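# What the coordinates show
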Amino acid sequence: MTALLDVIGINKRFGGVHAVHSLSLTVRDGEILGLIGPNGAGKSTVFNVINGICPPDQGRVVFKGQDITGEPPYRIARRGVARAHQIVQPLASMTVLENCIVGACFGPENLPMGRARDVVHEAAEIVGLTDRLHHLAGQLTTAGKKRLELARALSARPGLLLLDEVLAGLNPTEIERMIAVIRHIRDRGIAILMIEHVMRAIMSLSDRVVVLNLGGKLAEGTPQSVASNPDVITAYLGEPDPTGLDGGI
Amino acid sequence: MSVQQSSDAIVQVVAARKEEPHGFIGNIVWQPFTWLIAFTGVVFAVLPVWGDNVQLRESLLLAAVYVTLATNLNIVLGYAGYVNFGNIVFFGLGGYICIYLVSEWQWPLAAAALIAGITVSLLALFFGLGILRLRGAFFALATIGVNEAIKAFVANFEPWGGAAGIYLSLDVYEPLGGPGQALWVVYFLIVAAMTASLLLSYAIKTSKFGLGLLAIGENEDAAAVLGVNTPRYKALAYGISAFLPAVVGGLYFFKTGTIEPSGAFDLSRSIETIVMVMLGGIGSVTGAALGAFLYEELRGVLLTTEAFSHFQLVIAGLLLLGIVLFAPGGLMGFIYRRWPYVRWLLQ
């Protein structure tokens with residue numbers, strides 16, 4: 001498998017906070033790479049750097065062999081990087097259909113509106129929003145808005161999908177359904193970089209996992225190897241408790 | 001960003017439209033709303049001719065001017081969600097350029113108005129690339145700044161008569177068959193510009209370009225992440241929305257025969273245009289037009305009523321307050337909610 005996205009030695013500071021330092025990671029064609037870490041580890045900042053919302057202070061982002069560092073978000077979207085936001089960003093007074101048409105029209109294929117419709121129906125079917133296409137996006141439930149984020153990103157037919165905690169705030173049944181959806185997307189050949197706190201999902205979905213802590217890479221490997229890594233356990237749970245009184249996860 | 005890139009965007013949009021199953025023009029032509037717009041234009045043109053009603057013509061001329069201003073403002077305000085407080089600058093500057101070309105260089109009226117429109121549109125595109133980086137209140141303030149700066153410049157610009165402005169001699173009306181007939185010609189041209197404004201607004205709204213603008217209006221950051229080239233789209237919208245107001249400005253001041261800075265760049269007229277769009281329904285083509293028409297007729301009544309003649313702006317302010325508080329969707333917002341299927345006919 002070849003590299004689809006190469007993040008090479010990026011640094012990002014916000015005032016005195018060194019949000020990301022010297023981070024490198026690679027997403028290969030067709031894989032799911034999990035990005036995990038405690039709160040404030042810099043995961044969302046990595047996404048913001050990749051899709052151009054805040055350019056890195058140092059380092060490079062290479063997508064499909066082309067340097068996209070510092071390009072504005074819309075140009076990176078046109079290259080085929082789509083994103084589902086952690087905090088949902090629906091175009092509230094437009095319908096689900098129109099939201100997705102925006103995704104399809106302004107994505108890498110630059111589709112005209114007529115053909116965008118067909119693509120949208122496909123994307124809506126994958127995430128299970130077909131029966132709500134004519135609802136206003138603002139009136140969807142939380143789970144519905146999460147699905148909309150995903151459907152809108154998929155409508156662009158991206159090469160790489162950035163999923164920022166799409167499972168957060170969903171109930172167990174919804175999580176099960178969403179995991180199936182994500183697997184289905186990967187099976188269609190779209191590479192996924194996902195931030196997630198729901199460990200069950202990360203463990204079952206990811207081909208590889210990168211663990212961030214304090215803005216740097218703590219560990220990288222298969223889900224199993226990462227889960228048993230003592231550094232990772234320490235970062236998540238603190239120092240092992242000698243009294244044994246403190247509970248685990 | 002260069003004008004070249006901006007024109008690339010137009011080419012892209014046009015190219016994209018060509019791939020549609022029926023083609024862009026084909027799609028628009030067979031919509032009932034297009035026919036309604038054409039019908040409105042014909043009614044405006046025919047009504048005063050019937051019985052040679054000059055008083056009705058003057059009233060409809062003002063209404064047509066405001067419908068043009070409001071529908072074009074709606075492209076930036078209603079679609080892209082940017083409050084252009086200084087929108088009257090397009091009207092005033094267009095007026096000045098046209099009047100100057102007619103009086104100093106003896107250009108024919110139509111050519112002068114067209115060149116005024118194109119010049120102002122390009123200037124707006126250029127300014128837009130700069131000030132559209134600002135958002136919210138800062139953008140609104142910047143548009144006021146542009147209006148005031150140009151007003152101050154014109155007031156000190158001797159070739160344009162400085163603070164005294166330009167007076168047209170009666171000779172300029174001769175090519176159109178004398179002053180009496182010239183007023184009719186100007187009226188028909190303004191009605192044509194109004195019809196073109198409505199069609200343009202509608203065409204943009206149903207196009208991919210319009211979809212991008214609406215996405216910007218909803219959530220600019222999300223639109224950018226979805227791939228909408230936000231700086232280019234905003235600047236294009238700003239530039240396009242300057243064209244017809246500038247043309248109409250030229251025609252209007254040709255009709256009045258005189259132009260001076262405080263009348264051409266009157267900020268209160270800007271605010272009234274915003275009230276019209278909000279009154280009719282922000283983002284709706286019908287709404288902007290209807291709001292302009294109703295407001296203009298209301299003002300006509302107020303100005304001619306003894307008791308209210310000095311309260312026209314007070315009433316505009318109260319209207320705006322009432323709309324913002326109780327009916328943010330304006331008249332059409334209310335109608336769309338009550339009868340959703342009206343959208344099929346009235347965009």
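Residues numbered from 1 in each chain as written. Chains lettered and ligands numbered in written order. Predicted model: local features only at pLDDT ≥ 70, side-chain atom pairs only at ≥ 80, totals over all residues.

What follows is about the overall build of chain A. When helices and strands are tallied, chain A shows 9 helices and 10 strands. Computed over its C-alpha atoms, the radius of gyration of chain A comes to 18 Å, within 12% of the 18 Å expected for a compact globule of 249 residues. Taken along the three principal axes of its C-alpha coordinates, chain A extends 65 × 40 × 35 Å. Evaluated residue by residue, chain A yields a buried proportion of 45% over its 249 residues. By sequence separation, contacts in chain A at least 24 residues apart represent 67% of the contacts at least 6 residues apart. (Helix = DSSP H or I, 4+ residues; strand = E, 2+ residues; numbered from the N terminus. Rg over C-alpha atoms; globule rule 2.2 N^0.38 Å. Buried ≥ 20, exposed ≤ 12 C-beta atoms within 10 Å, placed from the backbone. Contact = placed C-beta atoms within 7 Å.)

This paragraph deals with the domain arrangement of chain A. Residues and elements named next belong to chain A. Domain boundaries in chain A define domain 1 (1-80 + 192-249) and domain 2 (81-158). Contact residues are listed per partner, giving 10 residues for domain 1 and 9 residues for domain 2. Where the side of domain 1 that touches domain 2 is concerned, the elements lending two or more residues are α1 (43-50) and α2 (73-79). Top contributing element to the side of domain 1 that touches domain 2 by residue count: α2, with 4 residues. When grouped by side-chain class, the residues that make up the side of domain 1 that touches domain 2 number 5 nonpolar, 3 polar and 2 charged. (Domains from an automatic or database assignment. Nonpolar A, V, L, I, M, F, W, Y, C, P; charged D, E, K, R; others polar.)

With that out of the way, let us pick up the interface of chain A and chain B. Contacts between the two partners involve 24 residues from chain A and, on the opposite side, 21 residues from chain B. Sorting the residues of the side of chain A that touches chain B by element identifies α2, α3 (96-105) and α4 (113-127) of chain A as the ones contributing at least two each. Counted by class, the side of chain A that touches chain B contains 14 nonpolar, 7 polar and 3 charged residues.

Moving on to the pairing of strand β3 (residues 32-36) of chain A. All names here are of chain A. Taken across its 5 residues, β3 has 5 buried, putting it largely inside the fold. Burial along β3 is two-sided: I32, G34 and I36 and L33 and L35, pointing in opposite directions, are all buried. Inspection of the sheet shows β3 paired to strand β8 (residues 191-195) by 4 bridges, in the parallel sense. Following the sheet pairing, L35 is matched in β8 by I195. With 4 bridges connecting them, β3 and strand β9 (residues 208-213) associate as parallel partners. Counted as the bridge partner of L35 is V210 from β9. (Pairing = 2+ DSSP bridges.)

With that out of the way, let us pick up the sheet that holds strand β7 (residues 160-164) of chain A. All names here are of chain A. On the basis of which strands lie adjacent, the open sheet formed by 6 strands has the order β6-β7-β8-β3-β9-β10 and mixed pairing. Where the open sheet ends on each side, the last strands, each with one partner, are β6 (81-84) and β10 (216-221). Across the sheet, the mean angle from the axis of one strand to that of its neighbour is 20°, orientation sign disregarded. Packing of α1 onto the sheet brings it into contact with β3, β6, β7, β8 and β9, and relative to β7 it is tilted by some 150°. (Axes fitted to C-alpha atoms, helices over the stretch in contact; angles between N-to-C directions.)

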